[in-house]
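Chain by chain, the residues run as shown.
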Amino acid sequence: MANNRLDQVVSTIVEKVRDGVREEKVSYEEYRAAVGYMMKVADAGELALFIDLFLNATMCRVINENAHSKASLQDMEGPYFLDESPMLEDGKMKLMDGYENDEPLIVRGTVRDVDGAAMPGVLVDMWNATPDGKYGGIHEGVPVDHYRGKVRTDENGHFRFESTVPVPYRIKDNGPVGAMLKAMGRHSWRPAHVHIKVRHEGYRDLITQLYFAEGEYVHDDCCEGTVPQEFVFDKVIEDGKRVLETDLFIEKVSEKQAA
Ligand code: MBD
Ligand code: FE
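Please read all numbers here as calculations on a predicted model, not as lab measurements.

Reading guide: rules and limits
- Residues numbered from 1 in each chain as written.
- Chains lettered and ligands numbered in written order.
- Predicted model: local features only at pLDDT ≥ 70, side-chain atom pairs only at ≥ 80, totals over all residues.
- Heavy atoms only, no water.
- Helix = DSSP H or I, 4+ residues; strand = E, 2+ residues; numbered from the N terminus.
- Buried < 20%, exposed > 50% of the residue type's maximum accessible area, 1.4 Å probe, protein only.
- Polar contact = N/O pair within 3.5 Å; in protein donor to acceptor, adjacent residues only side chain to side chain.
- Contact = heavy atoms within 4.5 Å.
- Donors = N, O, S within 2.8 Å, 3.2 Å for Na, K, Ca; no water.
- Pairing = 2+ DSSP bridges.
- Near = heavy atom within 4 Å.
- Areas by Shrake-Rupley, 256 points an atom, 1.4 Å probe, with all protein chains shown as cover.
- 1 Å grid on protein atoms, 1.4 Å probe; cavity = no way out; pocket = protein on both sides within 12 Å on 5 of 7 lines; lining within 4 Å.
- Sits in = over half its atoms within 2 Å of the grid points.
- Nonpolar A, V, L, I, M, F, W, Y, C, P; charged D, E, K, R; others polar.
- Points joined across faces, edges and corners; volume = space filled by probe spheres on them.

(A) Seen up close, the side chain of Arg190. Along the polypeptide, Arg190 turns up in strand β6 (residues 189-190). Note on Arg190: relative accessible area 5%, which makes it buried. Among the polar contacts listed, one links the side chain of Arg190 to the side chain of His193, at a separation of 3.2 Å. A distance of 2.9 Å separates the side chain of Arg190 from the side chain of Gln209, its partner in a polar contact. The contacts of Arg190, once residues within four sequence positions are left out, are Met76, Pro168, Tyr169, Ile171, Gln209, Tyr211, Tyr217, Asp221, Cys222 and Cys223.

Dropping the structure here:
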């Protein structure tokens, strides 16, 4: 019997890794190469990227399998959420000029509980990459308060953001994580996506992503993302702006989860 939750989880995971080592008859050379590789990943500051690449999508599947059937599907948070993003009164994100492929984007919808009732005053965060695939406050040249922000839903549960349409995104591939993908014969692209996080007291955080139906890699994500079909949007243009409109359903934290 495990002593506690930590013992239980760590012991289970370690045993599965040992299974892999036994099954593949890993040599001592390979073992030392693996240890050296993990040191390189850490030194390059790519641990979060490495773990997300192999485990973030699985985390989401575990959450979704245990969620209320009416709750919106969770998707990967990825490494670039920043809670210090600005509160936006009008939902308009700060954007940069000078991109040739700038396409205005409206993301709007209603936050609801699992019974369908609209929820006012809910905190909604959105963050997306620039038209050349960079995140504010993460990549060179994009300030932290750009291409990300928060709003609260209005009395009807509505939220609305204005940004620009992101492009397919190449995860950092000039370091050890990229080297491994290449060595495994895999690519390093994610489909163009918009990140959303919905938070409300007493409710489970909803972390998800929205996708563009016509885009590349939607069903060939290097991070093996779930890509919920309900969040893959056909091309709708209103007044020259691409519009993604969706309901987002959040569920109460059960007493068991809150404990
Ligand atoms: C990203 O932008 C992202 O969303 C994920 C899941 C992983 C790496 C970079
Ligand atoms: Fe992302």
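Continuing now.
(B) Looking closely at the coordination of the iron ion (ligand 2). For the iron ion (ligand 2), the protein coordination sphere consists of Tyr135 (OH), His193 (NE2) and His195 (NE2), at 2.0 to 2.1 Å. Sequence spacing among the residues donating to the iron ion (ligand 2) works out to Y-x57-H-x1-H. Comparing His193 with His195, the two get one shared label, buried.

(C) Inspection of the sheet that holds strand β11 (residues 241-250) at higher detail. Taken in spatial order, the 4 strands of this open sheet run β4-β1-β11-β10, and their pairing is mixed. Of all the strands in the sheet, the pair left with one neighbour each is β4 (158-164) and β10 (237-238). Relative to β11, strand β1 (residues 104-113) is paired through 9 bridges, and the arrangement is parallel. Across the sheet, Leu105 pairs through a bridge with Arg242, a residue of β11.

(D) Main features of the site of ligand 1. Ligand 1 sits among Leu49, Met76, Gly78, Pro79, Tyr80, Tyr135, Tyr169, Ile171, Arg190, His193, His195 and Cys223. Taking Arg190, its side chain carries an N or O atom lying 3.0 Å from an oxygen atom of ligand 1. At a separation of 3.0 Å, an oxygen atom of ligand 1 approaches a polar side-chain atom of His195. Isolated, ligand 1 exposes 260 Å² of accessible area, and the fraction of that covered by the protein chains is 99%. With respect to the detected pockets, ligand 1 is housed in the largest cavity. Residue classes in the shell around ligand 1 are distributed as 8 nonpolar, 3 polar and 1 charged.

(E) Local environment of the sheet that holds strand β8 (residues 206-212). Taken together, the 5 strands give an open sheet; going across it, the order is β3-β2-β7-β8-β9, and neighbouring strands pair in mixed fashion. Each of the sheet's edge strands pairs with one partner strand only, and the pair in question is β3 (148-152) and β9 (232-233). Looking at chain direction, strand β2 (residues 123-128) and strand β7 (residues 193-199) are connected through 6 bridges and run antiparallel. Paired with Met126 across the two strands is Ile196, which belongs to β7.

(F) Fine view of the layout of surface pockets. Taken as a whole, the largest pocket holds about 500 Å³ of empty space. In terms of lining, the largest pocket is formed by Ile13, Val14, Val17, Arg18, Ala34, Tyr37, Met38, Phe50, Ile51, Phe54, Leu55 and Met180. At the level of elements, α1 (5-23), α2 (28-43) and α3 (47-65) are the ones that each hand at least two residues to the lining of the largest pocket. A class-by-class count of the residues in the lining of the largest pocket yields 11 nonpolar, no polar and 1 charged.

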